[in-house]
Amino acid sequence: MAVNTTPEAPLPVGEVSRLIGGWIDRLGAVWVEGQITQLSRRPGAGVVFLTLRDPSYDISVSVTCYRQVFDAVADVVSEGARVVVLAKPEWYAPRGQLSLRAAEIRPVGVGELLARLEQLKKALAREGLFAPERKKPLPFLPQLVGLVCGRASAAERDVLENARHRWPAVRFEVRNVAVQGVHAVPQVVQAVKELDALDDVDVIIVARGGGSVEDLLPFSDEQLIRTVAQCRTPVVSAIGHEPDNPLLDHVADLRASTPTDAAKKVVPDVGEEYERVRLLRDRARRCVAALVDREERGLAHALARPSIQDPHRMIDVRADQVADLLDRARRCLRHQLDRAESELSHTHARVVALSPAATLKRGYAVLQKADGHAVRDPGEVAAGETLRARVSEGEFSVRVDT
């Protein structure tokens, strides 16, 4: 409960420590999981001192237990082991120090660790951290590669040597960290964040050699997994050997079976690229040569056509055809004109033969009364009437006698 204090009525340090101790005493015994970082077993001492650390965070707490409690698990527990402890929190008032008094210690077995990792894997997968659409493509030719690995480790040597052998111009930004133990997770997380913050880093490789399940546990830590998931830079996981499969492999943008494999997948081989360029160049030359040959054959075929070799031949043939048709048209027209002229002559002859003038020329005459009416019947005229007689060469007057 809260304590009412004022600047005029403060609590003494001893009272504050006593109150804290009272609050802690009410907590009761709790099960605590952590990793043993320090272990002190003094000969003849009845108490064992150890430090229990949270692998994911930089938090530790002191633990004490009677020797008989620790002796029950002494054969399977050592520094670096993960354990579950049933302990009662204790407050040492004179020094203001919190510790745990262990009543039972249980080592965390490999099977239990794997079961917890599987549960964590499923939980993270449900959040979508392992989804393929989240994975970023690697650059074809990274100029600067970030490398997180152990100091002077075989993993570092394998990555650097193989990458520079494949592409000598590649540069590395190396962060040496602890790759196992209690300091591994915070150091790897910090190194990944630092490299991701550098704009020049094109890809980050997290590499470590093989090891036991316990040794590779830092690379399945939830804090590290979430850090990699938030990176804007592509991350390559190269942890252990082919059978090893920490959770980092699932969240990384690319999984390499070994550090050597990571170097091969991140950096292209200069010899292979030269060979690929040569093959592509040869293929391009063949394609261009085939295209030119095909066009040359098409051009030669076109030039071999009669219309191209003798372009006036078609005109000459057509000219002869036009001349023949023109001559035929003239003959047809002449024939038509001759026939029409003959028909006209015959018609003219008939017209002339049947015309009154022709009749008059044969000696006939046409008698007309004064009004111009032709006389066809003798009863139409009277005696003494004057008529006009029209003959072939003219006309004259006649008088009717009787």
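It should be noted that the structure appears before, not after, this text.
Conventions we followed
Starting afresh in each chain, residues are numbered from 1 along the sequence in its written order. Local features are withheld for residues below a pLDDT of 70 in this predicted model, meaning they are given only at 70 or higher, and side-chain atom pairs are given and counted only at 80 or more; totals for whole chains, interfaces and linings count all residues. Side-chain measures here rest on the full set of heavy atoms in the structure, leaving out hydrogens and waters. Strand pairing is defined by DSSP finding a minimum of two bridges between the two strands. In DSSP terms, a helix is any run of H or I states spanning at least four residues, a strand is any run of E spanning at least two, and both are numbered starting from the N terminus. Axes, fitted as lines to C-alpha atoms, cover a helix only where it is in contact. Angles between the N-to-C directions of the axes lie from 0 to 180 degrees. It only takes one pair of heavy atoms within 4.5 Å for two residues to be counted as in contact. Within this document, salt bridges are pairs made up of a side-chain nitrogen of Lys or Arg and a carboxyl oxygen of Asp or Glu, the two lying within 4 Å of each other. Residue burial is assigned from relative accessible area. The probe radius is 1.4 Å, only protein chains are included, and a residue is buried under 20% of its type maximum, exposed over 50%, and partly exposed in between. In these notes the angle categories are as follows: under 35 degrees is roughly parallel, over 145 is roughly antiparallel, 65 to 115 is roughly perpendicular, and the rest is oblique. Take the far helix as the reference: if the near one is turned anticlockwise from it by less than a right angle, the crossing is left-handed, and if turned clockwise, right-handed. Gly is placed with the polar residues, together with every amino acid not listed as nonpolar (Ala, Val, Leu, Ile, Met, Phe, Trp, Tyr, Cys and Pro) or charged (Asp, Glu, Lys and Arg). Like-charged residues within 9 Å of one another, or nonpolar side chains (Val, Leu, Ile, Met, Phe, Trp, Tyr) within 5 Å, are grouped into patches, provided each residue has over 30% relative accessible area and no salt bridge. Per-residue and other accessible areas follow the Shrake-Rupley method at a 1.4 Å probe size, with only the shown protein chains counted as cover for residues. Charge assignment in this entry is limited to Lys and Arg as positive and Asp and Glu as negative, and neither His nor the chain termini are counted. Where a charge lies is defined by one atom per residue type: Lys uses NZ, Arg uses CZ, Asp uses CG and Glu uses CD. The pairing test for Phe, Tyr and Trp rings, Trp by its six-membered ring, is centres within 6.5 Å, and the orientation test on the planes gives stacked under 30 degrees, edge-to-face over 60, and tilted for anything in between. Comment: the charge-over-ring label is applied if NZ (Lys) or CZ (Arg) is within 6 Å of the ring centre and within 35 degrees of the ring normal. Under the rule applied, a polar contact is a pair of N or O atoms within 3.5 Å (in protein, one hydrogen donor and one hydrogen acceptor; residues adjacent in sequence only if both atoms are side-chain atoms). Helix span is expected to be 1.5 Å times the residue number reduced by one. Arc definition: directions from the helix axis to the C-beta atoms.

Caption draft 1: Fine view of the sheet that holds strand E4 (residues 82-92). With mixed pairing, 5 strands are arranged side by side around a closed barrel as E1-E2-E3-E5-E4. Strand-to-strand twist in this sheet, taken as the mean axis angle between neighbours without regard to direction, amounts to 55°. One ladder, built from 6 bridges, connects strand E1 (residues 30-40) with E4; its direction is antiparallel. Counted as the bridge partner of Val 30 is Ala 87 from E4. Taken strand by strand, helix H1 (residues 13-25) contacts E4 and strand E5 (97-107), and its axis lies near 140° from that of E4.

Caption draft 2: A look at the pattern of salt bridges. Going through the model one piece at a time under the given rule, you end up with 20 salt bridges. Arg 226 serves as the salt-bridge partner of Glu 222, at 3.0 Å between the closest nitrogen and oxygen. Residue Glu 222 and its partner Arg 226 are located together in helix H6 (residues 222-229), separated by 4 residues, close to a single helical turn. Taking the relative accessible area as the measure of exposure, Glu 222 reaches 35% and is therefore partly exposed. We note a salt bridge from Arg 255 to Asp 249, for which the minimum N-O separation is 3.1 Å. Overall, Arg 255 belongs to the partly exposed group, its relative accessible area being 25%. Three or more residues joined by partner-sharing salt bridges are found here, namely Glu 275, Arg 278, Asp 282 and Arg 285.

Caption draft 3: Region of interest: the sheet that holds strand E13 (residues 394-399). Reading across from one edge, E11-E12-E13 is the order of the 3 strands in this open sheet, with antiparallel pairing throughout. Strands with a single pairing partner mark the edges of an open sheet, and in this sheet they are strand E11 (366-368) and E13. The sheet shows a mean angle of 30° between the axes of neighbouring strands, taken without regard to direction. Across 6 bridges, strand E12 (residues 386-391) lies against E13 in antiparallel orientation. Bridge pairing in E13 links Arg 388 to Ser 397.

Caption draft 4: Representation of the packing of helix H4 (residues 154-166) against helix H8 (residues 259-266) within the structure. Two elements in contact, H4 and H8, have axes whose closest approach is 8 Å; the angle formed by their N-to-C orientations is 30°. On the basis of their axis angle, the class for H4 and H8 is roughly parallel. Along this stretch, H4 crosses H8, giving a crossing that reads as right-handed. Contact residues: Ala 155, Asp 158, Val 159, Asn 162, Ala 163 and Arg 166 in H4; Pro 259, Thr 260, Ala 263 and Lys 264 in H8. Class assignment of the residues belonging to the contact of H4 with H8 gives a composition of 5 nonpolar, 2 polar and 3 charged.

Caption draft 5: Structural view of a negative patch on the surface. A cluster of acidic residues, Asp 310, Asp 316, Asp 320 and Asp 324, forms a negative patch on the protein surface. Relative to the elements of secondary structure, Asp 324 occurs in helix H11 (residues 311-354).

Caption draft 6: Summary view of the packing of helix H5 (residues 184-197) against H6. At a minimum axis separation of 9 Å, H5 and H6 run at an interaxial angle of 5°. One finds that H5 runs roughly parallel with respect to H6. Here H5 contributes Val 185, Val 188, Val 189, Val 192 and Lys 193 to the contact with H6, which in turn contributes Gln 223, Leu 224 and Thr 227. Across the contact of H5 with H6, the residue classes tally to 5 nonpolar, 2 polar and 1 charged.

Caption draft 7: View of the packing of aromatic side chains. Going through the model one piece at a time under the given rule, you end up with 0 aromatic pairs. The ring of Tyr 66 carries Arg 101 above its face, with NZ or CZ at 5.1 Å from the centroid.

Caption draft 8: Inspection of the environment of Gln 180 at higher detail. You can see Gln 180 is positioned in the loop between strand E7 (171-176) and H5. Taking the C-alpha atoms as reference, Gln 180 lies 10.0 Å from Pro 55; in sequence the two are 125 residues apart. Once residues lying within four places of it in the same chain are set aside, the contact partners of Gln 180 are Arg 208, Asp 215 and Pro 218. Within the structure, the side chain of Gln 180 is placed 2.3 Å from the side chain of Arg 208, a separation counted as a polar contact.

Caption draft 9: Up close: H5. Its 14 residues place the ends of H5 20 Å apart at the C-alpha level, agreeing with the 20 Å of an ideal helix rising 1.5 Å per residue. Those residues of H5 lying buried are Ala 184, Val 185, Val 188, Val 189, Ala 191, Val 192, Leu 195 and Asp 196. Along H5, the residues classed as buried sweep out an arc of 165° about the axis, all on the same side. Along its buried surface, H5 packs onto strand E6 (144-149), E7, strand E8 (203-208) and H6.

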